[in-house]
Amino acid sequence: MLNAMTIEIVKSTAPLLAETGPKLTAHFYERMFKHNPELKDVFNMSNQRNGDQREALFNAVCGYAANIDNLEVLLPVVEKIAHKHTSFMITAEQYQIVGSHLLATIDELFSPGQEVLDAWGEAYGVLANVFINREEQIYTENQKLEGGWRGLREFELVEKVHQSTTITSFVFKPTDGGKVATFKPGQYIGIYLTPSEFENQEIRQYSLSGAPNSETYRVSVKREQGGKVSNYLHDKLNTGDLVMLAPPAGDFYLETDNKTPINLISAGVGLTPTLSMLETLTEHGAQVNWLHATEDSNQHAFKSEVQSLKESHNHINSFVWYNNVNETDILNQDYDFTGLMNFESIKDHILDPQAKYYFCGPVGFMQHVATQLLELGVNQEQLHYECFGPHKVI
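Residues numbered from 1 in each chain as written. Predicted model: local features only at pLDDT ≥ 70, side-chain atom pairs only at ≥ 80, totals over all residues. Heavy atoms only, no water.

Novice: Any chance you could break down the overall build of the chain for me, citing the residues and the numbers?
Specialist: Check the secondary structure of the chain and you find 12 helices and 12 strands. A compact globule built from 394 residues would reach a C-alpha radius of gyration of about 21 Å, and the chain, at 22 Å, matches this within 12%. Structurally, the chain occupies a C-alpha span of about 70 × 50 × 40 Å along its principal axes. Put simply, of all contacts in the chain between residues at least 6 apart along the chain, 74% involve residues at least 24 apart. Carbon and sulfur atoms make up 50% of the accessible area of the chain, which amounts to about 18500 Å² in all. Placing the 29 positive and 50 negative side-chain charges of the chain at their respective mean positions leaves the two points 3 Å apart. (Helix = DSSP H or I, 4+ residues; strand = E, 2+ residues; numbered from the N terminus. Rg over C-alpha atoms; globule rule 2.2 N^0.38 Å. Contact = heavy atoms within 4.5 Å. Areas by Shrake-Rupley, 256 points an atom, 1.4 Å probe, with all protein chains shown as cover. Lys, Arg positive; Asp, Glu negative; His and termini not counted. Charge placed at Lys NZ, Arg CZ, Asp CG, Glu CD.)

Shown next as structure tokens:
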């Protein structure tokens, strides 16, 4: 536990760090990668260039400092980050490296004196131990599962399927002939890639896009313009190729008692975790609503798969929005609405005091969804969402 003096020093100096803004985390990352370039094989360098990772770290530092005397508030954030860290195979030694560069950054930018540095060092050590202990629990839990493992495991790409003009599915099977660990629908898996054309090892997390089974994992990846990894997967990775995978992880997953109405809401490739949930809910005892928005029919992935589930299960409803409609698209067959997703016309289908709402997609889309649901009287506790990449508050 932190003593009162440490807490007071951290809270009193936190506004100074907050005022510095992204300059703080920019200095930190530049310093760390200069002294420890091996960490470029761990961090997503694309998120470094677009600023997402720097923003996430800045928010985390400010959030920790603001709640240092009430760490219970941070537990949901700790859980989310801990799962992400296990997918990156983060170690206790790496926490020490990060801590040393964080303190050096504070010293170089502010020269606050040894007392302040010691207080921040102590505070960081407490938080690091929280993460290290939780992550060790996750590593151990994954290893103990039937078909589970710790670290990385070799898999072969056994199937590659184009789902739309932008999304392709990849099915992986372990080369050791063993089973694979089950996962909670909505979770993701970490893929490690080291082709010769990459300057550094690239690690990505992709949501598992099918119901759990004991033999294979399926992920479905959108080709991103300028996306180094997504374009490599689409263009270069072929059946028979080998990759290394980390065990499934993630704190966004389906939780239901089989009596609770479920609404699965997505846009674009955000359908991957909700599709895993939908396939798992085929024997659900209450209503399941599938709500999906996409640009047009060419980008409408898994259309036939969802339609088949709807036709064979009376408790599944489907509502689809196209932003643009082609001449060959048929209303109430290919799509139900045009434009942005709007709940007004279907609120009688989706509103229920006991319902849960799981949604995933671009941040702007999720903000749009959350705003509508809250205005319709849905409680915040009923909303569950996932951000691809560094976490953002919706």
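Novice: Any details on the pairing of strand β3 (residues 188-193)? Residues and values, ideally.
Specialist: The buried count for β3 comes to six of six residues, which makes it a mostly enclosed element. What you see with β3 is no split at all: Y188, G190 and Y192 on one side and I189, I191 and L193 on the other are buried throughout. Where β3 and strand β4 (residues 202-207) come together, six bridges link them in antiparallel fashion. Bridge pairing links Y188 to S207 in β4. (Buried < 20%, exposed > 50% of the residue type's maximum accessible area, 1.4 Å probe, protein only. Pairing = 2+ DSSP bridges.)

Novice: Go over the sheet that holds strand β7 (residues 262-267) with me, naming the residues and quoting the values.
Specialist: With respect to topology, six strands assemble into an open sheet ordered β10-β9-β8-β7-β11-β12, the strand pairing being parallel. Two strands in the sheet have a free side with no partner beyond their single neighbour: β10 (337-338) and β12 (383-386). As paired strands, strand β11 (residues 356-360) and β12 are joined by four bridges and run parallel to one another. Looking across to β12, one finds that F359 is bridged to Y385.

Novice: I'd like a rundown of the state of the cysteines, residues and numbers included.
Specialist: Under the defined criterion, the tally for this structure stands at zero disulfides. With no disulfide partner, C62 has as its closest neighbouring cysteine sulfur the one in C387, 18 Å distant. With relative accessibility at 24%, the residue C62 sits in the partly exposed group. Among the cysteines around C387, which has no disulfide bond, C360 carries the closest sulfur, lying 7.7 Å off. With relative accessibility at 7%, the residue C387 sits in the buried group. (Disulfide = S-S within 2.5 Å.)

Novice: Which residues make up the pattern of salt bridges, and what values do they have?
Specialist: A side chain of one charge can pair with a side chain of the opposite charge when the charged atoms of the two come close. Applying the stated criterion to the full structure yields 16 salt bridges. Where E202 meets K228, a salt bridge forms, and the shortest distance between an N and an O atom there is 3.3 Å. Of this pair, E202 sits in strand β4 while K228 sits in helix α8 (residues 228-235), and the two are 26 residues apart along the sequence. Members of the salt-bridge network, linked through shared partners, are E79, R134 and E141. (Salt bridge = Lys/Arg side-chain N within 4 Å of Asp/Glu carboxyl O.)

Novice: Explain the packing of aromatic side chains to me, using residue names and the numbers behind them.
Specialist: Under the counting rule described, the total for this entry stands at 14 aromatic pairs. Taking 5.6 Å as the distance between ring centres and 50° as the angle between the ring planes, the aromatic pair formed by W149 and F155 counts as tilted. Between the aromatic rings of F252 and Y358, the centroid separation amounts to 6.1 Å while the plane-to-plane angle is 65°, which identifies the pairing as edge-to-face. Linking F252 in the loop between β6 (242-249) and β7 with Y358 in strand β11, this pair joins segments that are 106 residues apart in sequence. Taken as a pair, F252 and Y358 share a single burial class, namely buried. Taken together, the ring pairs connect F28, Y29, F33 and F43 into an aromatic cluster. Residue placement shows K184 over the ring face of Y253; its charged tip is 4.3 Å from the ring centre. (Phe/Tyr/Trp six-rings, centres within 6.5 Å; stacked < 30°, edge-to-face > 60°. Lys NZ or Arg CZ within 6 Å of the ring centre and 35° of its normal.)

Novice: Summarise the sheet that holds β6; cite the residues concerned and give the values.
Specialist: Read across the open sheet, the six strands follow the order β4-β3-β6-β1-β2-β5; overall the sheet is antiparallel. For this open sheet the edge positions go to β4 and β5 (217-222), each flanked by a neighbour on one side alone. Pairs of neighbouring strands in the sheet enclose a mean axial angle of 40°, with direction left out of account. Judged from the seven bridges that link them, strand β1 (residues 153-162) and strand β2 (residues 167-174) form a sheet pairing that is antiparallel. Following the sheet pairing, E159 is matched in β2 by V171. Across the face of the sheet, helix α5 (residues 75-87) comes into contact with β3, β4 and β6 while running at roughly 35° to β3. (Axes fitted to C-alpha atoms, helices over the stretch in contact; angles between N-to-C directions.)

Novice: I'd like to hear about helix α9 (residues 271-280), residue by residue, with values.
Specialist: Burial runs high along α9: nine of the 10 residues are buried. All of the buried residues in α9 are L271, T272, P273, T274, L275, S276, M277, L278 and E279.

Novice: Account for the pairing of strand β9 (residues 316-322), with residues named and values stated.
Specialist: In terms of burial, β9 is a largely internal element, six of the seven residues being buried. Bridging between strand β8 (residues 288-294) and β9 involves seven bridges; their strand directions are parallel. Bridging across to β9, W290 finds its partner in S318. Since β8 and β9 lie parallel, the crossover through helix α10 (residues 303-312) that links them has a hand, and here it is right-handed. (Right-handed = clockwise from strand over helix to strand, strands pointing away.)

Novice: Break down helix α2 (residues 22-35) for me, with residues and values.
Specialist: The terminal C-alpha atoms of α2, which comprises 14 residues, lie 20 Å apart, in line with the 20 Å expected from a rise of 1.5 Å per residue. By the burial criterion, the buried members of α2 are L24, T25, A26, F28, Y29, R31, M32 and F33. (Expected span 1.5 Å × (residues − 1).)

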